[in-house]
Each structure stands twice: as C-alpha cells, then as structure tokens.
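Report on the structure
Listed below are the residues making up each chain.
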Amino acid sequence: MAFAGVLSASVRSGSLRLVGRRFTPCLAGVGEMRSFSLLIQHSTRSRTRRSPFLTLTSRNISGDAAKTEAVSSTTPADLTAAGMPPEPLITDPASDLLSNATDALTTQLPAALQFGDLAALGLVSWTPAGLVRLSFEVINVATGLPWFWTIVAGSLFWRAILFPISIKSLQNSSRMLPIQPKIKKLQDEMAIVRKSGDQLAMQRLALRVRKTYQDAGVSMLATALVPFIQIPVTLGVFFGLRKMCQLPVEQLTHSGFSLLPDLTVADPYMALPILLCAVVNTQIQVGAAEMDLTSRPEMGHLMNAFRALSVLGIFVMANFPSGLMVSLITTSGVTALQSWALQRPKVRASLNIPQVPVEARGKLPTPMESVNFVIAKWRAKIEEAKESQRRSRQ
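Nothing here was measured: the structure is a model prediction, and the numbers come from that model.

What to know about the nonpolar core
In globular proteins that are soluble, nonpolar side chains generally tend to be buried together. Membership of the largest hydrophobic core comes to 31 residues, with the highest contact counts inside it found for Trp 147, Ile 151, Met 244, Leu 252 and Leu 263. Going through the elements one at a time, α7 (128-143), α8 (147-176), α11 (220-246), α12 (271-287) and α15 (322-341) are the ones with two or more residues in this core. Filtering out sequence-adjacent residues up to four positions away, Met 244 remains in contact with Leu 118, Leu 123, Arg 133, Trp 147, Val 249 and Leu 252. Within the second largest apolar cluster, 12 residues are counted, among which are Ile 179, Ile 183, Met 202 and Tyr 213.

Examining the side chain of Asn 304
In this structure, Asn 304 sits in helix α13 (residues 298-312). In this structure Asn 304 comes out as buried when scored by relative accessible area, which is 10%. Once residues lying within four places of it in the same chain are set aside, the contact partners of Asn 304 are Leu 364, Pro 365, Thr 366, Pro 367 and Ser 370.

Structural notes on the packing of aromatic side chains
The full count for this structure, using the stated rule, is 6 aromatic pairs. Centre to centre, the rings of Phe 148 and Phe 257 are 4.2 Å apart; their planes meet at 15°, and the pair counts as stacked. Note that Phe 148 is positioned in helix α8 and Phe 257 in the loop between α11 and α12, a separation of 109 residues in sequence. What makes Phe 148 buried here is its relative accessible area of 9%. Between Phe 238 and Phe 320 the ring centres are 5.8 Å apart and the planes differ by 75°, which places this aromatic pair in the edge-to-face class. You can see Phe 238 sitting in helix α11 and its partner Phe 320 sitting in the loop between α14 (314-317) and α15, a full 82 residues away along the chain.

Focus: the packing of α13 against helix α17 (residues 367-393)
Describing two packed helices takes the angle between their axes plus the distance from one axis to the other. The geometry of α13 relative to α17 is characterised by a closest axis approach of 10 Å and an angle of 115° between their N-to-C directions. Classified by the angle their axes make, α13 and α17 are roughly perpendicular. Here α13 and α17 pass one another in a crossing that is left-handed. Between α13, through Glu 298, His 301 and Asn 304, and α17, the contact on the second element is made entirely by Pro 367, Glu 369, Ser 370 and Phe 373.

Reading guide: rules and limits
Residues numbered from 1 in each chain as written. Predicted model: local features only at pLDDT ≥ 70, side-chain atom pairs only at ≥ 80, totals over all residues. Heavy atoms only, no water. Core = buried A, V, L, I, M, F, W, Y, C linked by side-chain atoms within 4.5 Å. Buried < 20%, exposed > 50% of the residue type's maximum accessible area, 1.4 Å probe, protein only. Helix = DSSP H or I, 4+ residues; strand = E, 2+ residues; numbered from the N terminus. Contact = heavy atoms within 4.5 Å. Phe/Tyr/Trp six-rings, centres within 6.5 Å; stacked < 30°, edge-to-face > 60°. Axes fitted to C-alpha atoms, helices over the stretch in contact; angles between N-to-C directions. Parallel < 35°, antiparallel > 145°, perpendicular 65-115°, else oblique. Left-handed = near helix turned anticlockwise from the far one by under 90°.

Interpretation note: all reported values are geometric properties and have no functional meaning in isolation.
Next up, the structure:
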C-alpha cells in the first residue's frame, strides 16, 4: 500500500512517467534516485501480496539512474531516513495462536520416560513392588502409551500372569465342593479324637482325609501355594503404583486421558471410589458361586462383612491417587469378568474345570441373616463364658 501511494504521487508530480508499457523514473538528483531505489527494494522484500502489474524491476531504471550506487539491503530505519514510512508486517492470527499453543504444550509437558529413569529414582528393585514398577516402565517406553493406558495395560499384564494360577485354584475348588460333606464329617471325628488324645486314631483319620482328596483329584499343595503367589503380586501392584504417584513420577502428572489429567492426585468428585465399591461388590457376588457355603456358612457372612467394609472404605479410598484407583478398578473389574466367564459350561469344559452341581453352588446370605448370625455367635460366646465361670466355682 505504501508503494502504491508513493508511485501514484510520483506520477502526479512528474518524477515518474510512462514510456511505452514501462514506468521510467525522472529523478532530479542522487537523493531522489536513492529514495526510489529504496522503495523498489522494500517492495520486493515485503511479505504482503502485490499485483503483478505493479511489479518494477531494476531494468526499468534509466541509464543515468543505473550509475548510482546499489543498495544491497534495507531496513525500516533506511525507509524512514528516505522519507517513507515502514510498511507494517501483516501476520496471520490463526497461525500465531497455533504456534503459541504448540510452544506452551512443548514447554509444559515433561520429557518422555526412558529406560532406567525409574531405577535412577530408586523405584526399581527385586521386591514385588520394584518389579511391578519396572514392568510399567517397560510397557510405557516400548509402546509409547499415555500413562493412563499404561496403568491399565500393566494391571492387565499382572492379572494375566496370575491367570494360570487362578485356573489351577478353580480346578481344585471345583473338585472339592462335591466332597465337602464327607470331609466335614471326617474333620468332626478328628476333633472328637483329638480331645481324647488317641494319636493312632488321629493318624487313621488323617490318612482317610488325604485319600479322599486324592480320589477327587485335589492337589493340596497347589491349594496351599496359590495365596503365596497371588498376595505378593496384588500387594506389589498396590504399593508399587502408590509410591510412583506419591513421589511423584513427573510423567504421571500428564495422563493422556482428559477426564483424569493428573494421576498423582485424588479424584475430587469421589467417582473412582464409588465405582470401585460397585465393582468389588459385583466381584464378591459373582465369585460366591465357587465358594463352599454349605459346610462353611461363616464364609458367606464374612463376604457380607467385606461388602459392608467396601462401602465404608469409600471415604478412605477417596484419598488414594487416581492412578492407583485406575489400577484397582481395572483389576477388580477383570476379576469379576473372569469369574463370570469361568462359570460358563463351555469355558469350564475347555479348561478342564469340573462342573459344579447347582445344589453345591454357594449363595450369599442376606445382610439381615449376617446380622442375626453375628448376634447368635455373640450370645453363644457369652453363654460359654458364663458356663466356664460356673465350672471354675465348683
């Protein structure tokens, strides 16, 4: 625009005239020549668009003007000295906004985790929690997943590690359910014999119990070893993630999931604790079918106690970091889904898991039945204490 204005003024003043199809400058002196040269150079370097019909080149200048000294570069100060205002720089607001947003994101995001970073923070060791942290680091670095999905994938990975052990445990428990009445009868006989002090009779009953388990295909060693494997893994995931969130590992502050942007802080709306409570209750309800609640009714009341504690635990879990809650919800949800799937006849047949008779399947008592059970137990204990006091007085 500045160039068009000066060009129009030059034509009106006679300092620029049209010769054929070209404009030729008529400059009185070197000063005017230099001003016109600066104007042309500034025009060619401008970032704004111009019409091709107004483009001038150095070949349009007359022979006298060509003898003047050429100027290689110009600045806004040169244009001001020549009596011409500097042309304003036209920028694109949208591109500037995008550039500023990109710069803000790249400066605020922490560097991606690399192999060995958790070890440098002292979070990797040969303990269950240290090995769990190492697995999360490997998953994140190898896959490039955001940390929200890294925690989900890591929790599923450790659940998959325990899957064969869960199958073995379920095979044993399914074979034990039909023989529980017989085992219960032998155990009652052993309790009576133990009071009498007959060691030979005790050994005979113990051999009968062992033979009963062997005939049913139950491996007592596998049943005893399952908790020693499941408990360290479960506690390792819990304490491993809690330490990462409490430190915190800087990358966990950017989860990559918009609903939970920071995994190191607790859920302010308590949605995660409530969801975990619902998932845990579903897991207990589904898993009760594999329990022996006929010969051991106290187990059903114990499960109801856990359900009540899960509701009260909402206020405790409200202080847990979001990353830890995501792992707990993932693990409990997958466990409930696994229990439901393993109760399907086709799935059990493919995994060589015996079918449990309908009459042998466990069913949780109602909360009121559990309350009455606790009251009855309490009264029975009081009566036993009173009876022992009477005997001691006699």
